[in-house]
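What the coordinates show
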Amino acid sequence: MGDDAEILHAIDEDAVTLAVWQRPSPLPGPELGDFPAIRFASNMRSVAHGIADALAALPPQDWHHRLAADVQHLAQLYGALTGDDRVEVRIERVTGNGCWKFHADYVALRLITTYCGRATQWLPHGASDDTAPHALSTGDVGLFKGRERAGDRAIIHRSPPIAGSGEDRLLLVIDAPWPEDDA
């Protein structure tokens, strides 16, 4: 964990399964009312345009540009770390218990940040059933090793359960694109 994006390079160390760039959220607690689910694969140069296109049908908000710029920046960081020139971007408003069970992802690396609301929780290696989870803070950027790269040592994590709380989360996930997205 560290307060500079360079900390994400620690993910290349064998013993590291989660690298966290601790930062405040670049968004000012946005109103998410009719925020659409956004998902697309893109080359690095076009990520911000993909976000702008997905948000074009909404009434413009000051934070839309900041969101697009931040996702572009994070996609470029992800690409620099993985060597990929294309990424899959997913941004969603979460109001329920999506992905609330602890699990490891079947990816090599996954970048996750929560722009508003409670952030992703994870368990330390060797945790027992009664171990309290750790959590990223809103705005933190987590780079998670998945099963493709870490096997049984992949980081175990979940979305915090929020159903019935009235909370909203705005979640960003960046992955390598699925093979069919490159066709």
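Check the entry above for the structure.
This write-up is about the structure you can find in this document. (Residues numbered from 1 in each chain as written. Predicted model: local features only at pLDDT ≥ 70, side-chain atom pairs only at ≥ 80, totals over all residues. Heavy atoms only, no water.)

Some words on the overall build of the chain
From N to C terminus, the chain includes three helices and nine strands. For the chain, the succession of helices and strands along the chain, N to C, is β-β-α-α-β-β-β-β-β-α-β-β. In terms of C-alpha radius of gyration, the chain reaches 16 Å, essentially the compact-globule figure of 16 Å for 183 residues. Seen through its C-alpha atoms, the chain measures out along the principal axes to roughly 45 × 40 × 35 Å. Classification of the 183 residues of the chain by burial places 46% in the buried group. Of the contacts formed within the chain by residues at least 6 apart in sequence, a portion of 78% connects residues at least 24 apart. Accessible surface for the chain amounts to roughly 9,100 Å². Of this, 50% is attributable to carbon and sulfur atoms. Computed over 16 positive and 27 negative side-chain charges, the inter-centroid distance for the chain is 3 Å. (Helix = DSSP H or I, 4+ residues; strand = E, 2+ residues; numbered from the N terminus. Rg over C-alpha atoms; globule rule 2.2 N^0.38 Å. Buried < 20%, exposed > 50% of the residue type's maximum accessible area, 1.4 Å probe, protein only. Contact = heavy atoms within 4.5 Å. Areas by Shrake-Rupley, 256 points an atom, 1.4 Å probe, with all protein chains shown as cover. Lys, Arg positive; Asp, Glu negative; His and termini not counted. Charge placed at Lys NZ, Arg CZ, Asp CG, Glu CD.)

Regarding the packing of aromatic side chains
By the definition in use, this model includes one aromatic pair. When the centroid spacing of 5.9 Å and the interplanar angle of 25 degrees are considered together, the rings of Phe35 and Trp63 count as stacked. Taken together, the residues Phe35 in the loop between strand 1 (18-21) and strand 2 (38-43) and Trp63 in helix 2 (residues 62-82) connect sequence positions 28 residues apart. Trp63 shares its class with Phe35; the two are buried. We note Arg23 situated over the ring of Trp21; from NZ or CZ to the ring centre the distance is 5.1 Å. (Phe/Tyr/Trp six-rings, centres within 6.5 Å; stacked < 30°, edge-to-face > 60°. Lys NZ or Arg CZ within 6 Å of the ring centre and 35° of its normal.)

Some details on the pattern of salt bridges
Under the criterion given, the structure shown has eight salt bridges. For the salt bridge of Arg93 with Asp168, the shortest nitrogen-to-oxygen distance reads 3.2 Å. Highlighted residues: Arg93 in strand 3 (residues 86-94) and Asp168 in the loop between strand 8 (156-158) and strand 9 (169-175), separated in sequence by 75 residues. By relative accessible area, which is 24% here, Asp168 ends up partly exposed. With a shortest N-O distance of 2.8 Å, Arg110 and Asp175 are connected by a salt bridge. Of this pair, Arg110 sits in strand 4 (residues 109-116) while Asp175 is found in strand 9, placing the two residues 65 residues apart along the sequence. Residue class for Asp175 comes out buried when judged on its relative accessible area of 6%. One network of salt bridges, with partners in common, ties together Asp105, Arg110 and Asp175. (Salt bridge = Lys/Arg side-chain N within 4 Å of Asp/Glu carboxyl O.)

Here we look at the side chain of His157
Its place among the elements puts His157 in strand 8. Judged by relative accessible area, His157 falls into the buried class, the value being 4%. At 3.4 Å, the side chain of His157 forms a polar contact with the backbone oxygen of Ile155. Residues contacting His157, with those up to four places away along its chain left out, are Lys101, Phe102, His103, Ala104, Asp105, Ile112, Thr120, Gln121, Trp122 and Phe144. (Polar contact = N/O pair within 3.5 Å; in protein donor to acceptor, adjacent residues only side chain to side chain.)

Quick notes on the sheet that holds strand 2
To summarise the sheet geometry, strands pair through backbone hydrogen bonds and adopt either a parallel or an antiparallel arrangement. One open sheet holds the six strands; their spatial order is 1-7-4-9-3-2, and the pairing between them is antiparallel. At either margin of the open sheet sits one strand with a lone partner, and together these are strand 1 and strand 2. Ignoring which end each strand starts from, the neighbouring axes of this sheet average 20 degrees apart. As paired strands, strand 1 and strand 7 (residues 141-145) are joined by four bridges and run antiparallel to one another. (Pairing = 2+ DSSP bridges. Axes fitted to C-alpha atoms, helices over the stretch in contact; angles between N-to-C directions.)

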